[in-house]
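So the chains spell out like this:
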Amino acid sequence: MEKNIQTNIERIQNILGNSDEVICKELELNQTKCAIIYLLGLTDTAVLSKFVITPLLQYTQKFDSLETIQNNCLTLGETSVIKNDKEIISNILKGKGILLVDGFDQAIVLAIDKYKERSIDEPPTSTVIKGPRSGFVENLKTNLAEIRKILASPQLRTINLKVGKHTETMVTIVYIKGIADNSIVQNVKKRIEQINVDGIIDSNYVAGFLEERPNSMFKQIGNSEKPDVISSKLLEGRVAIIVDGSPIVLTVPFIYVEELQSGDDYYSNHIRAGFVRWIRIVSIFVSILIPGLYIAIVMHHYKAIPLKFLITIVNTTKGLPLTPFAEILFVLILFEILYEASLRMPKYLGLALSIVGALILGDTAVKAGLISPPAVMIVAISGLTIYCVPDEAPQLYILRLLFTFAGAMLGFFGITALIVFIIAYLCDFDSYGSAYFAPLAPFVDSDLKDTFYKSDIINVKYRPRSIMNNRKNLKRQGKPKKWKKQLQPINYV
């Protein structure tokens, strides 16, 4: 920046390509030239006129310094003085205004940016029957406000970082001081600072850089669209990462048992919540194993099938041109095509697609003798159970295919060997110092109260040791305060 205002205006306009969207409002106040530069469409012109231009025109004193203008003249809530050319350009591109005054080599940043954002609604991926229904939006400040509204604690801390050469996306690390492990906070900060990429569009871009094993297909970073879920994870000692422009907030460390938990579990009866968790566990095994087990039994272990069931299978598969493996593979691919088409088709065509897929393709294929009813039923059951744990669907799809190949090639032996390999592989996982299969491997007795069953909130007195690496401040619930019952005299009159 230079002290000549005209030179500064020309430099800023040249950097921005002399675009018609760059507006330069020039003023002359007390024989001093001023200029306000902003980007059309990203700036609230009503706020600019009311809180910037009007006070400037009414100010009659001499401009001794920019701090005088900032403190005594402008009625805008958020202003700052900067000198760096790069920061000035960045603020203009983010929708803020820049006030230049002749004779000063600094500029005042005006918080007059305006963004249209959707209302705070219940996220479509995390619907609940009971409990809070608010969800995150694409604005970072709004998302932070949603968390602070729940966690009104002075120990809630944030670290702001800019990531992306062209986007300069704001990424905020959120944690509770005294609960979160400081080494994890510094590790996350270091990894984000080392990101060297053209742009960050969504939080999933950042998740790829935070993963300790980026080439693995298994989920390693937690995520949620609900402020209450993120707040509860912060209270357990996790660290949250909020990315401007994304409604999905990331959390670390991540352990697999988080996938078995749902927001409904904490707002309903704990016995019912424990039962539903076992349904999810069974659904995971059914979704990935049932196609492979069916092929293994039919191709390699048909003697293990009861006679009546074997006769039924033989009658339904008699005369089919495809082998059991090719048949299951064909139905799996067919279901995947229907799933992808239903996601990307217009909503008003979704019903028609489901009718075509379920009735015409499925029923006609069976009647035409291309596939058998057991194959359709097996794949349908597998597809339904996958969505009992929707966040795990991408991994379960691949695992289902792997177990299908293992069952076709080696039967029960191949399926058993693959199970042992996957368990051994995941037991070696480490997410920011927390074991992936905790609290089972290693076994943490106190953490079982919120894993395979849901204990009553009164009995959950400690934070999970599986993620509390510093082992400090584990206690989250003290003894209940004594309630003194005050007896009122009874008036019998």
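Residues numbered from 1 in each chain as written. Predicted model: local features only at pLDDT ≥ 70, side-chain atom pairs only at ≥ 80, totals over all residues. Heavy atoms only, no water.

As for the overall build of the protein
Scanning the protein for helices and strands turns up 15 helices and 12 strands. Here the C-alpha atoms of the protein give a radius of gyration of 30 Å, more than 25% beyond the 23 Å that 2.2 N^0.38 yields for 493 residues. The buried share of the protein, taken over its 493 residues, is 43%. In the protein, the proportion of contacts linking residues at least 24 apart, taken out of those at least 6 apart, comes to 63%. In the structure as shown, the protein presents an accessible area of about 27,000 Å², 59% of it carried by carbon and sulfur atoms. Charged side chains of the protein number 54 positive and 47 negative; the gap between the two group centres comes to 10 Å. (Helix = DSSP H or I, 4+ residues; strand = E, 2+ residues; numbered from the N terminus. Rg over C-alpha atoms; globule rule 2.2 N^0.38 Å. Buried < 20%, exposed > 50% of the residue type's maximum accessible area, 1.4 Å probe, protein only. Contact = heavy atoms within 4.5 Å. Areas by Shrake-Rupley, 256 points an atom, 1.4 Å probe, with all protein chains shown as cover. Lys, Arg positive; Asp, Glu negative; His and termini not counted. Charge placed at Lys NZ, Arg CZ, Asp CG, Glu CD.)

Section: the packing of aromatic side chains
All told, the structure shown has 12 aromatic pairs when counted by the stated rule. Ring geometry for phenylalanine 429 versus tyrosine 436: centroids 5.0 Å apart, planes at 65°, classification edge-to-face. For the pair phenylalanine 429 and tyrosine 436, a shared accessibility class is recorded, and that class is buried. Arranged with centres 6.1 Å apart and planes meeting at 35°, the rings of tyrosine 436 and phenylalanine 437 form a pair that is tilted. A relative accessible area of 2% means that tyrosine 436 is categorised as buried. These aromatic residues form a ring-pair network of at least three members: Phe218, Phe254, Tyr256, Phe421, Tyr425, Phe429, Tyr436 and Phe437. (Phe/Tyr/Trp six-rings, centres within 6.5 Å; stacked < 30°, edge-to-face > 60°.)

Here we look at the pattern of salt bridges
Scanning all chains against the criterion turns up 14 salt bridges. Taking the shortest distance from any N to any O, the salt bridge between arginine 191 and glutamate 212 comes out at 4.0 Å. In this pair, arginine 191 is assigned in helix α6 (residues 182–193) and glutamate 212 in the loop between α7 (203–210) and β8 (222–224), connecting sequence segments 21 residues apart. The partly exposed category is assigned to glutamate 212, whose relative accessible area is 32%. Bridged by salt links that share partners, the residues Lys233, Glu236, Arg238 and Glu258 form one connected network. (Salt bridge = Lys/Arg side-chain N within 4 Å of Asp/Glu carboxyl O.)

Some words on the pairing of strand β6 (residues 156–163)
With 8 bridges joining them, β6 and strand β7 (residues 169–176) adopt antiparallel strand pairing. Counterpart to threonine 158 in the pairing with β7 is valine 174. Hairpin connection, β6 to β7: the antiparallel pair is bridged by 5 residues, and glycine 164 has positive phi, about 105°. (Pairing = 2+ DSSP bridges.)

A short note on the environment of glutamate 212
On a C-alpha basis, the gap between glutamate 212 and tyrosine 432 in space is 8.0 Å, while along the polypeptide they are 220 residues apart. Engagement of the side chain of glutamate 212 in a polar contact is seen with the backbone nitrogen of tyrosine 432, the distance being 3.2 Å. (Polar contact = N/O pair within 3.5 Å; in protein donor to acceptor, adjacent residues only side chain to side chain.)

Side note on the confidence of the model for the protein
Here the protein averages 83 in pLDDT, while 92% of its residues score no lower than 70. By mean pLDDT, the top-scoring element of the protein is strand β9 (residues 239–243) (94), and the lowest-scoring one is helix α12 (residues 350–367) (64). (pLDDT = per-residue confidence, 0-100.)

What about the packing of helix α9 (residues 270–299) against helix α13 (residues 373–386)?
Contact geometry of α9 with α13 gives a least axis separation of 7 Å together with a crossing angle of 160°. Here α9 is positioned roughly antiparallel relative to α13, judged by the angle of their axes. For the pair α9 and α13, the sense of crossing is left-handed. Contact residues: Ser283, Val286, Ser287, Ile290, Pro291 and Tyr294 in α9; Pro374, Ala375, Ile378, Ile381, Ser382, Thr385 and Ile386 in α13. Considering only residue class, the contact of α9 with α13 consists of 9 nonpolar, 4 polar and no charged. (Axes fitted to C-alpha atoms, helices over the stretch in contact; angles between N-to-C directions. Parallel < 35°, antiparallel > 145°, perpendicular 65-115°, else oblique. Left-handed = near helix turned anticlockwise from the far one by under 90°. Nonpolar A, V, L, I, M, F, W, Y, C, P; charged D, E, K, R; others polar.)

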